[in-house]
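Examination of the molecular architecture
Listed below are the residues making up each chain.
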Amino acid sequence: MSKKVQAIYLWWHKPVIDQELLQSLPNLKVIANSGVGMDHLDLKLVASFGVKMANTPRAVSSSTADTGMALLLASARRLVEGYHIAMSSGMEYPAADFLGAEVTGATLGIIGMGSIGYKIALRAKTFEMNILYHNRTQRKEQEEQAVGATYCKKIDSLLQQADFVMVAVSLTPQTHKLIGKRELELMKHTATLINISRGAVVDQEALVTALQTGVIRAAALDVTYPEPLPRDHTLLKLKNVIITPHLGIRTDMATFMITEEAAENILAALNGLPIPSEVLPS
């Protein structure tokens, strides 16, 4: 069947795309990825075989932005800790010093202002948050005004001012361990880090130290490295961390929309038309 295969639809990084597979499919024209992140693909290798690539940014932006805001709110109001208190056999009422962080009026720093980052800003505006963002390129003035966002050319400026730092970038060689010891130490000791991008964007060992020593207040992570974490990993034992199992795009509607967008990309490629969400090797 190898000569008949013209398209591959990748779901959750399967099948693995390597040189052996590409060599075995001489008529392959396109690889359509489910989701935005393409870090599991060697883009230059795929392109060297004349194969086009596409992702599904339109389908996943809303559900991922919802997940980011859910993590922010859950961490700020200590919902997971509160749940365990409420469910405990001896619970009567939370201690007087069981206090969360205020969201309304707080400053949110968004690192990565693509489609997901922008939708996070739209949601944060509803919570009356002050919004800063850092991105490779500045958004148009009318786009900034629509969400009340201020551009920080340097990431350091954002980190020093934000009460909540939301990471929403793609994983590339340039963003690998983008948030490390230096960056964490620039943050307020009352700040929370939220990561909805890829685990390797954050230096996890530096994050553990920062959480243990009070360099930052808390973290909320939908992604880790690896996934899942080893069961004895320190992050799983800290009370000031919320970890979810990469739930960003996991809704019934997003799953349908991802498949629909991927099918559009495949059909366009097979018919020699412009691919709506084509991804080019950098």
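Residues numbered from 1 in each chain as written. Predicted model: local features only at pLDDT ≥ 70, side-chain atom pairs only at ≥ 80, totals over all residues. Heavy atoms only, no water.

Glancing now at the layout of surface pockets. When its volume is computed, the second largest pocket comes out at roughly 390 Å³. Within the residue set of the lining of the second largest pocket, elements represented by two or more residues are α4 (79-87), β9 (218-221) and β10 (241-243). At four residues, α4 tops the list of elements feeding residues into the lining of the second largest pocket. Residues of the lining of the second largest pocket, tallied by class, amount to 11 nonpolar, three polar and five charged. (1 Å grid on protein atoms, 1.4 Å probe; cavity = no way out; pocket = protein on both sides within 12 Å on 5 of 7 lines; lining within 4 Å. Points joined across faces, edges and corners; volume = space filled by probe spheres on them. Helix = DSSP H or I, 4+ residues; strand = E, 2+ residues; numbered from the N terminus. Nonpolar A, V, L, I, M, F, W, Y, C, P; charged D, E, K, R; others polar.)

Counting 33 residues, the largest nonpolar core has Leu72, Leu108, Ile120 and Phe164 as the members making the most contacts within it. When residues of this core are traced back to their parent elements, those giving at least two are α3 (57-76), β4 (107-111), α5 (115-126), β5 (130-134) and β7 (164-167). If one sorts the elements of this core by residue count, α3 sits on top with eight residues. If we skip the residues at most four places from it in the chain, Leu108 touches Leu72, Ile120, Ala124, Met129, Asn130, Ile131, Leu132, Ala162, Phe164 and Met166. (Core = buried A, V, L, I, M, F, W, Y, C linked by side-chain atoms within 4.5 Å. Buried < 20%, exposed > 50% of the residue type's maximum accessible area, 1.4 Å probe, protein only. Contact = heavy atoms within 4.5 Å.)

Pairing between sheet strands relies on hydrogen bonds along the backbone, with the strands arranged either parallel or antiparallel. Ordered by their spatial adjacency, seven strands build an open sheet running β6-β5-β4-β7-β8-β9-β10, and the pairing between neighbours is parallel. The open sheet has two free edges, formed respectively by β6 (149-151) and β10, since each of these has just one partner strand. Taken pair by pair, the neighbouring strands of this sheet meet at an average axis angle of 15°, ignoring direction. Bridge analysis of β5 against β6 gives three bridges, and the strand direction is parallel. Residue pairing in the sheet places Tyr133 in a bridge with Tyr151 of β6. The sheet contacts of α5 involve β4, β5 and β7, and relative to β4 the element is tilted by about 170°. (Pairing = 2+ DSSP bridges. Axes fitted to C-alpha atoms, helices over the stretch in contact; angles between N-to-C directions.)

It is the contact of α3 with α5, at a shortest axis distance of 8 Å, that shows an interaxial angle of 45°. By the angle class used here, α3 and α5 are oblique. Note that α3 runs across α5; the crossing there is right-handed. On the side of α3, the interface is formed by Pro57, Val60, Ser61, Ser62, Thr64, Ala65, Asp66 and Met69, while α5 contributes Ser115, Ile116, Lys119, Ile120, Arg123 and Ala124. When grouped by side-chain class, the residues that make up the contact of α3 with α5 number seven nonpolar, four polar and three charged. (Parallel < 35°, antiparallel > 145°, perpendicular 65-115°, else oblique. Left-handed = near helix turned anticlockwise from the far one by under 90°.)

What follows concerns the domain arrangement of the protein. Frequently, the measure chosen for interface size is the accessible area removed from exposure when the parts meet. Each domain of the protein was delimited in the assignment, giving domain 1 (2-59 + 250-279) and domain 2 (61-243). One C-alpha centre belongs to domain 1, the other to domain 2; they are set 30 Å apart. Facing the eight residues of domain 1 at the interface are five residues of domain 2. Between domain 1 and domain 2 lies a buried interface of about 550 Å² when both sides are counted; carbon and sulfur atoms form 42% of it. The largest contributions to the domain 1 side of the interface with domain 2 come from Val36, Asp39 and Pro57, which together make up 54% of the buried area. The tally of links between domain 1 and domain 2 comes to one salt bridge. At the surface where domain 1 touches domain 2, the tally comes to two residue pairs in polar contact (both at pLDDT 80 or more). Its residues assigned to classes, the side of domain 1 that touches domain 2 comprises three nonpolar, three polar and two charged. (Domains from an automatic or database assignment. Buried area = accessible area lost by both parts, 1.4 Å probe. Salt bridge = Lys/Arg side-chain N within 4 Å of Asp/Glu carboxyl O. Polar contact = N/O pair within 3.5 Å; in protein donor to acceptor, adjacent residues only side chain to side chain.)

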